[in-house]
Amino acid sequence: MATKGALNDTQVRDEMEKMVSFIKQEANEKAREIKIKADEEFNIEKAKIVRQETINIEAFYQKKAKQAEIQKKIAESNRNNKTRLQILQARQQYLNKITEEAQKTLVKYADSDPKYAETIKNIILQSLYQLMEEEVTITCREKDLDIVKKAFEEAAPIYKEKTGKVAAVKYSPNYLPATSAGGIIMAGFGDRIVINNTLENRLEIASDELLPAIKTMLYGAAETRKYYN
Amino acid sequence: MSEQIIDSKVISSHNLYLTEKVESLLQNKISWDSISSANIITSEQASIISKGEPTPEYIDALMNVAENVSTVETLQHTLALVDDATTKNVSLLNNFDEKYLNTLIKLLSKDDETIQLLAGRIIASKLSNVYHVTPVDYTPVFQWVTNLLDSENMDVVDLASQYIQGYLSAIPLRTEFYRNCDGVSKIINVLVKRSPNSQLQYQLIFSLWLLTFEESICAEINKTHNIIPVLIDIAKSAIKEKIVRVVLQAFRNMLEKAPGANMIPMLGNKMVPFCETLLGRKWSDSEITDDLTYLKEELSKNIQKLSTFDEYSTEVFSGKLEWSPPHKSEQFWKNNAERLNENNYELLRILTRLFSTSTDPTVLAVACNDLGQYVKYHPEGKKFIQDIGAKQHIMELMTHEDPDVRYQALCATQKYMLHAW
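Residues numbered from 1 in each chain as written. Chains lettered and ligands numbered in written order. Predicted model: local features only at pLDDT ≥ 70, side-chain atom pairs only at ≥ 80, totals over all residues. Heavy atoms only, no water.

Some thoughts on the overall build of chain A
In step 1: Helix and strand content of chain A: four helices and four strands.
In step 2: Of all 229 residues assigned to chain A, the portion counted as buried reaches 25%.
In step 3: Considering only contacts within chain A whose residues lie at least 6 apart along the sequence, 75% involve residues at least 24 apart.
In step 4: Working note: accessible area of chain A is about 17,100 Å², and carbon and sulfur atoms make up 57% of it. (Helix = DSSP H or I, 4+ residues; strand = E, 2+ residues; numbered from the N terminus. Buried < 20%, exposed > 50% of the residue type's maximum accessible area, 1.4 Å probe, protein only. Contact = heavy atoms within 4.5 Å. Areas by Shrake-Rupley, 256 points an atom, 1.4 Å probe, with all protein chains shown as cover.)

Here it is as structure tokens:
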């Protein structure tokens, strides 16, 4: 039943198509606006995140760089210490060698040098003066026994003259080892005071005292030393 | 990279001006073989074109023709084919590099309108992919399209505005468009003087909105082009919701990105009452209500801040009176009218001097308003007003040519006469 002004099918379809395309266009326009706003928000957010992460990365690498710096310093310091120790050890070695050589020379001296007897006499005197006793015990090398006895006889009167004391001597049966460089050990006051005047001992004392001088002779003065008195 | 979610047919689904021309010219057959025998394209390319399958090689062959041939019909046909293929198969635009774009840009200067419009359309489709802009000099494109806005043919103006929507979708190009061509002035010209229909209004304001995404543009666009009152007027009389929608979006961008430059002109153009009126209407799009609320609140927050006496006196000293918040605020006058007496009536003297020196109707209107308000809230000052000759000036201005000035002068006189006994 057609009323006046009603549309036929084709017209209805046309109208619908027009409406559909109109709605579609409106929707597309709104969609476009939404996309543009979304892009803007995206850009803002992205810039914020990038900025934040850049700051974080910078901070992280700063820290790393500082740590590496510290590691480097530690390694350098360690290396310095190690080399310093090595130098010191090497120097010590040479000093030891000197002492060894001196020791060997001493033995030779004691066994072959004619001045040995005079040395013994002086050592005996020195020891007597130190002890200031009247009864002493002397320990020496077995092969030195005669030299020592003779030396004592020469030394005793000098001692008496200087101190007014008369020294009586006993010889200990425990001789110094044959390998030792010589010299004597004198004991007094009932073996309670002992003076070790062996050549080794004298060498030891001498090298201790001379150590600074030897070191300076070998290696030059220390660069950082300020006081020499 | 994202796919084209937007249906690029949105570009000209309602405007059949170009479509009709294209349909008719595609009826003519072009002999591609003769072109290949002229050694412009290879015979292989000729057969690809004849087959008509939209592949990158097809586009390549067509663009080869476009670059090297100068017969109008061939160019029209070629461009029509390219446009058709790239509309149906948007991924083909990914292959558009500098060479193709430069070919198209050169074609914009050909005399034939169809060629120009087709070339412009293809460029718009290409630029609608917002993320990646091929580095080419687009200034000729912008200048061409904005000149089209001056065309007598409204269909052409409509197409131009659609193309501009496309071009401005490319984010990096917005500043270039603003600075290197007369775009904004011509857009406003169309909006104000050419009585555009709703769709054209929407498209033009949409383009302006795209420009407001750039902070540097927001800071100066109103100063240079005075778009705020233009847009407010359009929004007030708009029938379609989408026009109000884009206007509000543009305002929101301007206020968010450059409040310093836009707060005062917006307040001066009575945007707060405008928002309140619109809030009274029912909108189907909730984003409109959101934007209106935002604008109203931001502006209201700052009215108080900006209505200080110091602001007012700096303005008077500068001589550049505008409709800034203090002038219209009754509260302001109630509190501060007497302060105009300070420093031996300094401000009053300046206002009076402005009557004689200024020819700007805004300044004169504002000055009248100010003196009227002063007298209203501080009647004792009437004698002084008369003595310095301000009253004389106001009465003279009642016959000024500018209606706003006359109105303000009349109001001021009325206030003056109020307690004349």
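Now, onward.
Details of the overall build of chain B
In step 1: Looking only at helices and strands, one finds 26 helices and zero strands in chain B.
In step 2: Across the 421 residues in chain B, those meeting the buried criterion constitute 54%.
In step 3: Excluding contacts between residues fewer than 6 apart, the proportion of contacts in chain B whose partners are at least 24 apart in sequence is 71%.
In step 4: Counting only carbon and sulfur atoms, one obtains 49% of the accessible surface of chain B, whose full area is about 19,300 Å².

Overview of the pattern of salt bridges
In step 1: All chains considered together, the criterion is met by 23 salt bridges over all chains.
In step 2: For A:Lys37, the salt bridge goes to B:Glu287, with nearest N and O atoms at 2.8 Å. With A:Lys37 in helix 1 (residues 9-112) and B:Glu287 in helix 18 (residues 286-306), this pair bridges two chains.
In step 3: For A:Lys37, a relative accessible area of 22% gives the class partly exposed.
In step 4: Given the relative accessible area of 29%, B:Glu287 is considered partly exposed.
In step 5: A:Glu40 is paired through a salt bridge with B:Lys257; the nearest N and O atoms lie 2.7 Å apart. (Salt bridge = Lys/Arg side-chain N within 4 Å of Asp/Glu carboxyl O.)

A closer look at the confidence of the model for chain B
All names here are of chain B.
In step 1: Averaged over chain B, the pLDDT score is 82; the fraction of residues at 70 or greater is 94%.
In step 2: The least confident element of chain B is helix 19 (residues 309-318), whose mean pLDDT is 72; the most confident is helix 15 (residues 241-257), at 93.
In step 3: Contacts for the low-pLDDT stretch residues 1-10, under 50 throughout, to residues beyond four places or in other chains number 17 contacts.
In step 4: On the interface metric, ipTM, the complex scores 0.71, and its pTM is 0.65. (pLDDT = per-residue confidence, 0-100.)

Re the sheet that holds strand 2 (residues 168-171) of chain A
All names here are of chain A.
In step 1: Strand order in this open sheet of four strands is 2-1-3-4, and the pairing throughout is mixed. The sheet is open, and its two borders are formed by strand 2 and strand 4 (193-198), each paired with just one other strand. On average, each strand axis in the sheet is tilted by 25 degrees relative to the strand beside it, whichever way the strands run.
In step 2: Alignment of strand 1 (residues 135-139) against strand 2, held across four bridges, turns out to be parallel. Across the sheet, Val136 pairs through a bridge with Val169, a residue of strand 2.
In step 3: Across the sheet, helix 3 (residues 145-163) lies against strand 1, strand 2 and strand 3 (183-188), angled at about 175 degrees from strand 2, the strand it touches most. (Pairing = 2+ DSSP bridges. Axes fitted to C-alpha atoms, helices over the stretch in contact; angles between N-to-C directions.)

Quick word on the nonpolar core
In step 1: Formed by 114 residues in total, the largest nonpolar core has its most connected members in B:Tyr167 and B:Phe251.
In step 2: Within the second largest apolar cluster, 33 residues are counted, among which are B:Val316, B:Leu347, B:Leu348 and B:Tyr374. (Core = buried A, V, L, I, M, F, W, Y, C linked by side-chain atoms within 4.5 Å.)

Things to note about the environment of A:Tyr171
Residue and element names in this part refer to chain A.
In step 1: When you line up the elements, Tyr171 lands in strand 2.
In step 2: Take Tyr171: its relative accessible area is 27%, and that puts it in the partly exposed class.
In step 3: Put simply, Tyr171 and Ile138 are 33 residues apart on the chain and 5.1 Å apart in space, counted from C-alpha to C-alpha.
In step 4: When sequence neighbours within four positions are dropped, the list of residues in contact with Tyr171 reads Ile138, Leu145, Val148, Lys149 and Phe152.

Quick word on the side chain of B:Thr74
Residue and element names in this part refer to chain B.
In step 1: Of note, Thr74 is situated in helix 5 (residues 72-88).
In step 2: Of the polar contacts made by the side chain of Thr74, one reaches the side chain of Thr71; its length is 2.9 Å.
In step 3: Ignoring anything within four residues of it in the chain, the contact list for Thr74 reads Ile30, Ile35, Val65 and Val69. (Polar contact = N/O pair within 3.5 Å; in protein donor to acceptor, adjacent residues only side chain to side chain.)

Digging into the packing of aromatic side chains
Remark: the centre distance and the inter-plane angle together describe each pair of aromatic rings, the angle taken between the planes.
In step 1: Going through the model one piece at a time under the given rule, you end up with ten aromatic pairs over all chains.
In step 2: Geometrically, the ring pair formed by B:Tyr202 and B:Phe206 is tilted, given 5.8 Å between the ring centres and 55 degrees between the ring planes. Note that B:Tyr202 and B:Phe206 are positioned in helix 12 (residues 198-211) at a spacing of four residues, about one turn of the helix. When sorted by exposure, B:Tyr202 lands in the same class as B:Phe206, which is buried.
In step 3: Aromatic ring contacts, followed pair by pair, group B:Tyr138, B:Phe142, B:Tyr167 and B:Phe177 into a single cluster.
In step 4: Over the ring of A:Tyr219 we find A:Arg91, and its NZ or CZ is 4.5 Å from the ring centre.
In step 5: A:Lys149 extends its terminal NZ or CZ atom over the ring of A:Tyr171, reaching a point 5.6 Å from the ring centre. (Phe/Tyr/Trp six-rings, centres within 6.5 Å; stacked < 30°, edge-to-face > 60°. Lys NZ or Arg CZ within 6 Å of the ring centre and 35° of its normal.)

Structural notes on a nonpolar patch on the surface
In step 1: Residues A:Leu7, A:Val12, A:Met16 and A:Met19 make up a contiguous nonpolar surface patch of roughly 380 Å² in combined accessible area.
In step 2: Along the chain, the position of A:Leu7 falls in the segment before helix 1. (Patch = residues over 30% accessible without salt bridge, like charges linked within 9 Å, V, L, I, M, F, W, Y side chains within 5 Å.)

Notes on unusual backbone geometry
In step 1: We note that A:Phe189 has phi near 55 degrees; this positive angle belongs to a residue other than glycine.
In step 2: Phi is positive for B:Asn226, close to 55 degrees, though the residue is something other than glycine.
In step 3: Mapped onto the elements of the fold, B:Asn226 is located in the loop between helix 13 (215-225) and helix 14 (227-237).

So, the packing of helix 1 of chain A against helix 4 (residues 199-219) of chain A
Residues and elements named next belong to chain A.
In step 1: Two numbers describe how helix 1 lies on helix 4: the axes approach to 10 Å, and their chain directions differ by 140 degrees. Comparing the axis directions of helix 1 and helix 4 gives the class oblique. Seen along the crossing, helix 1 lies across helix 4 with a hand that is right-handed. Here Ala90, Arg91, Tyr94, Leu95, Ile98, Thr99, Ala102, Gln103, Leu106, Tyr109 and Ala110 of helix 1 come into contact with helix 4, specifically with Leu199, Glu200, Leu203, Ser207, Leu211, Ile214, Lys215, Leu218 and Tyr219.
In step 2: In terms of residue class, the contact of helix 1 with helix 4 is built from 14 nonpolar, three polar and three charged. (Parallel < 35°, antiparallel > 145°, perpendicular 65-115°, else oblique. Left-handed = near helix turned anticlockwise from the far one by under 90°. Nonpolar A, V, L, I, M, F, W, Y, C, P; charged D, E, K, R; others polar.)

Regarding the environment of B:Ile35
All names here are of chain B.
In step 1: Here Ile35 shows up in helix 2 (residues 32-37).
In step 2: What makes Ile35 buried here is its relative accessible area of 9%.
In step 3: Look past the residues within four positions of Ile35 in its chain and what remains in contact with it is Ile30, Ile40, Ile41, Val65, Val69 and Thr74.

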